[in-house]
Amino acid sequence: RGAWFVNGGAQIALIKKGGKLRCAGMRSVEGDFETDDIIEIKALEGNVFARGKTAASSDELRLDCGLSQNALKSNEIIKGLASKSIVHRDDLVVFE
């Protein structure tokens, strides 16, 4: 249904550390999806390296894509996403 493109730091964290993904590591959103949909997680080059259950819709994520934690916290509309994982390791399958 959709995908996120993430930066290299977020990709390494997800693959090697099994961490969670926050908005700051995301660079763009592809397609349309709702909260709790299963989406692909792609490197900037386009290869799919994981799939996970998203904790936010594509519309929400387009608003805050790539913003720092401080920028998110200062925005009244999207500040709730500042401390929220958009995919948690328990809802994530990594392929690499």
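A quick note: this is a predicted structure, and the numbers were derived from the prediction, not measured.

Turning to the overall build of the protein chain, a few remarks are in order. Regarding its fold elements, the protein chain presents three helices and five strands. The order of helices and strands in the protein chain, counted from the N terminus, is β-α-β-β-β-α-α-β. Across the 96 residues of the protein chain, 40% fall into the buried class. Restricting the contact set of the protein chain to residue pairs at least 6 apart, pairs at least 24 apart contribute 65%. Element-wise, carbon and sulfur atoms account for 49% of the exposed surface of the protein chain, whose accessible area totals about 5,100 Å².

Another aspect to go through is the confidence of the model for the protein chain. Summing up the model confidence of the protein chain, the mean pLDDT is 83 and the portion of residues at 70 or higher is 80%. Within the protein chain, the element-level pLDDT minimum falls on helix 3 (residues 69-73), averaging 69, and the maximum on strand 3 (residues 38-43), averaging 94.

Calculation notes
Residues numbered from 1 in each chain as written. Predicted model: local features only at pLDDT ≥ 70, side-chain atom pairs only at ≥ 80, totals over all residues. Heavy atoms only, no water. Helix = DSSP H or I, 4+ residues; strand = E, 2+ residues; numbered from the N terminus. Buried < 20%, exposed > 50% of the residue type's maximum accessible area, 1.4 Å probe, protein only. Contact = heavy atoms within 4.5 Å. Areas by Shrake-Rupley, 256 points an atom, 1.4 Å probe, with all protein chains shown as cover. pLDDT = per-residue confidence, 0-100.

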